[in-house]
Amino acid sequence: MLIIGCDYHPGFQQIAFVDTETGELGERRLTHREEAEEFYSRLQERSVRVGMEASGHARWFERLLRDLQFELWIGDAAEIRTKRVRKQKTDRQDAQLLLRLLLEDRFPRIWVADAENRDLRQLLWHRHRLVQMRTRIMNQLHVVALNEGVRRKKALWRPAGRNELEALKLAPWASRRRQDLLDLLDQLTPKIQELTRALEEEAEKRPVARRLMTHPGVGVLTALAFELVIGTPERFQRGKQIASYVGLVPSEESSGDRRRLGHISKQGNALLRFLLVEAAQVTVRSHPHWRSKFFHLALRRGRKIAKVAMARKLAVHLYWMWRQGLDYGQFEKLGSHAGEPGNRHGVQ
């Protein structure tokens with residue numbers, strides 16, 4: 001087998017490789033994409049394993065290796081960094097480090113989503129970004145209306161409010177701005193509706209997403225994003241690991257007797273974290289127990305911290321519902337006694 005440590009950059013890659021049969025060592029610097037494609041294509045008849053750090057801008061490289069039926073191991077960049085003992089850092093040394101970790105069976109390999117999963121994430125992100133663009137446009141139109149003494153809030157987007165907005169007498173360039181914003185709004189709305197229907201159809205085909213949607217406050221977007229980002233619940237041993245994975249736990253810098261907790265880490269998928277916070281607020285409004293817990297926390301710690309705490313609780317609930325194959329009714333029935341010795345059907 002040919003084992004390759006690859007220090008990947010957007011414009012090139014530095015590789016260090018060894019042939020386990022002959023013991024031959026080598027190093028090369030390959031520019032993207034032509035030179036790299038030519039090099040790996042010549043190895044098509046051989047057994048090859050490539051190890052690289054998790055990074056962006058490498059989808060084409062991953063597809064190339066998959067088409068050639070090579071093994072690609074993606075490593076945790078932060079953990080790889082801790083294994084570097086020298087203060088000098090070069091591309092050659094990075095590639096050699098990756099190769100050494102592969103040979104010594106110490107490579108911190110991580111779970112990587114498949115191509116279908118990644119493509120569906122693009123659908124989620126695309127809709128999310130379009131919604132953000134629409135929100136910014138609507139906010140600008142609200143400002144235009146407020147400057148003319150028209151305060152309609154959500155009613156501005158009803159037919160009567162829209163007619164009132166269009167009837168405002170404005171200066172030439174202000175009128176041009178209003179019309180351009182309205183045109184953009186009319187273009188974005190049907191696109192968002194089309195993407196929303198696609199997400200609903202996809203969620204309907206997925207038993208896990210349908211099960212997660214039985215939880216109060218959890219809709220299509222949150223359920224589908226949770227399933228796609230987490231991938232499989234067996235990756236985690238407990239709910240605390242889920243909260244840490246999505247960045248909903250506080251950062252910590254403690255030493256000796258001093259313990260210092262900071263803001264949440266915000267590690268992991270930003271879209272899933274945003275959706276969990278939004279869904280948790282809906283759950284608080286619709287569920288008496290969650291509402292009581294939220295206001296109790298808000299009085300002691302403030303509303304912002306209470307929102308994050310509710311989002312963390314929601315993430316843990318969804319994790320156990322998925323792992324145990326329970327809908328919300330079954331999960332609620334088990335309650336806080338789930339997993340205790342007398343409740344063999346609870347979470348373990």
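Residues numbered from 1 in each chain as written. Predicted model: local features only at pLDDT ≥ 70, side-chain atom pairs only at ≥ 80, totals over all residues. Heavy atoms only, no water.

A. Spotlight on the overall build of the protein chain. Each helix and strand in the protein chain was counted, giving 14 helices and seven strands. Against the compact-globule benchmark of 20 Å for 348 residues, the protein chain has a radius of gyration of 26 Å, which places it well outside the compact range. A principal-axis box enclosing the C-alpha atoms of the protein chain has dimensions of 80 × 65 × 45 Å. Taken across its 348 residues, the protein chain has 41% of its residues classed as buried. Taking the intrachain contacts of the protein chain between residues at least 6 apart in sequence as the baseline, contacts between residues at least 24 apart amount to 54%. Taken as a whole, the protein chain presents about 20700 Å² of accessible surface, with 49% of it coming from carbon and sulfur. Averaged over its 62 positive side-chain charges, the protein chain has a centre that lies 10 Å from the centre of its 43 negative ones. (Helix = DSSP H or I, 4+ residues; strand = E, 2+ residues; numbered from the N terminus. Rg over C-alpha atoms; globule rule 2.2 N^0.38 Å. Buried < 20%, exposed > 50% of the residue type's maximum accessible area, 1.4 Å probe, protein only. Contact = heavy atoms within 4.5 Å. Areas by Shrake-Rupley, 256 points an atom, 1.4 Å probe, with all protein chains shown as cover. Lys, Arg positive; Asp, Glu negative; His and termini not counted. Charge placed at Lys NZ, Arg CZ, Asp CG, Glu CD.)

B. Broad picture of the packing of aromatic side chains. The tally for this structure, following the rule as stated, stands at 10 aromatic pairs. Between Trp 73 and Phe 107 the ring centres are 6.3 Å apart and the planes differ by 45°, which places this aromatic pair in the tilted class. Taken together, the residues span a long stretch of sequence, with Trp 73 in strand 5 (residues 71–75) and Phe 107 in the loop between helix 4 (91–103) and helix 5 (115–147) at a distance of 34 residues. Each member of the pair Trp 73 and Phe 107 is classed as buried. Members of the aromatic cluster, each reached through a chain of ring pairs, are Tyr 8, Phe 17, Phe 39, Tyr 40, Trp 60 and Phe 61. One Lys or Arg, Arg 29, reaches over the ring of Phe 12 and ends 3.6 Å from the middle of that ring. Directly above the ring of Trp 290 sits Lys 313, whose terminal nitrogen or CZ lies 4.8 Å from the centroid. (Phe/Tyr/Trp six-rings, centres within 6.5 Å; stacked < 30°, edge-to-face > 60°. Lys NZ or Arg CZ within 6 Å of the ring centre and 35° of its normal.)

C. Examining helix 6 (residues 159–167) more closely. Those residues of helix 6 not exposed but buried are Gly 161, Arg 162 and Leu 165. Buried residues along helix 6 cover an arc of 100° about the axis, so they all sit on one side. Turned more than 90 degrees off the buried face of helix 6, the exposed positions are Pro 159, Ala 160 and Ala 167. In this fold, the buried residues of helix 6 make contact with helix 5 and helix 7 (172–204). (Arc of directions from axis to C-beta.)

D. Spatial organisation of the nonpolar core. Ranked by internal contacts, the top residues of the largest apolar core, which has 65 residues, are Leu 212, Phe 226, Leu 272, Leu 276, Leu 314 and Leu 318. For this core, the elements supplying multiple residues, two or more each, are helix 5, helix 7, helix 8 (207–212), helix 9 (220–230), helix 11 (270–286), helix 12 (288–301), helix 13 (303–324) and helix 14 (328–334). Counting residues per element, this core draws most heavily on helix 13, which supplies 12 residues. Among the nonpolar cores identified, the runner-up in size contains 22 residues, and Leu 43, Val 50, Ala 58 and Leu 64 belong to it. (Core = buried A, V, L, I, M, F, W, Y, C linked by side-chain atoms within 4.5 Å.)

E. Representation of the packing of helix 5 against helix 7. The geometry of helix 5 relative to helix 7 is characterised by a closest axis approach of 9 Å and an angle of 150° between their N-to-C directions. Relative to helix 7, the element helix 5 lies roughly antiparallel. The two elements helix 5 and helix 7 cross, and the hand of that crossing is left-handed. By residue class, the composition of the contact of helix 5 with helix 7 is 19 nonpolar, four polar and six charged. (Axes fitted to C-alpha atoms, helices over the stretch in contact; angles between N-to-C directions. Parallel < 35°, antiparallel > 145°, perpendicular 65-115°, else oblique. Left-handed = near helix turned anticlockwise from the far one by under 90°. Nonpolar A, V, L, I, M, F, W, Y, C, P; charged D, E, K, R; others polar.)

F. Structural view of the packing of helix 11 against helix 12. Look at helix 11 against helix 12: their axes get within 6 Å of each other, and the N-to-C directions meet at 110°. Comparing the axis directions of helix 11 and helix 12 gives the class roughly perpendicular. Residue-level inspection shows Thr 283, Val 284, Arg 285 and Ser 286 of helix 11 in contact with helix 12, the latter providing Pro 288, Trp 290, Arg 291 and Phe 294.

G. The arrangement of helix 9 in detail. The buried fraction of helix 9 amounts to 10 of the 11 residues, a majority that puts the element mostly inside the structure. Among all positions in helix 9, only Val 220, Thr 222, Ala 223, Leu 224, Ala 225, Phe 226, Glu 227, Leu 228, Val 229 and Ile 230 are buried. If you follow the buried residues of helix 9, they end up packed against helix 5, helix 7, helix 8, helix 10 (239–245), helix 11 and helix 13. Gly 231 occupies a position one or two residues after helix 9 and carries a positive phi of about 85°.

H. Just the sheet that holds strand 1 (residues 2–8), in detail. Strand order in this open sheet of five strands is 3-2-1-4-5, and the pairing throughout is mixed. Looking at which strands have only one partner, the edges of the open sheet turn out to be strand 3 (25–31) and strand 5. Going from strand to strand, the sheet's axes swing by 20° on average, the running direction of each strand aside. Strand direction decides the pairing type here: strand 2 (residues 12–19) and strand 3, joined by seven bridges, are antiparallel. Paired with Phe 17 across the bridge in strand 3 is Gly 26. (Pairing = 2+ DSSP bridges.)

I. Broad picture of the confidence of the model for the protein chain. Of all residues in the protein chain, 96% have pLDDT values of 70 or greater, and the mean over the chain is 90. For residues 336–340, every residue scores under 50 in pLDDT, and the model assigns this stretch six contacts once sequence neighbours within four places are set aside. Under a pLDDT of 50 for its full length, residues 342–348 has, in the predicted model, 16 contacts with residues more than four places off or in other chains. (pLDDT = per-residue confidence, 0-100.)

J. Inspection of the environment of Ser 41 at higher detail. Position of Ser 41 relative to the elements: it lies in helix 1 (residues 34–41). The sequence separation of Ser 41 and Leu 68 amounts to 27 residues, and the corresponding C-alpha distance is 7.4 Å. There is a polar contact of 2.6 Å between the side chain of Ser 41 and the backbone oxygen of Glu 37. (Polar contact = N/O pair within 3.5 Å; in protein donor to acceptor, adjacent residues only side chain to side chain.)

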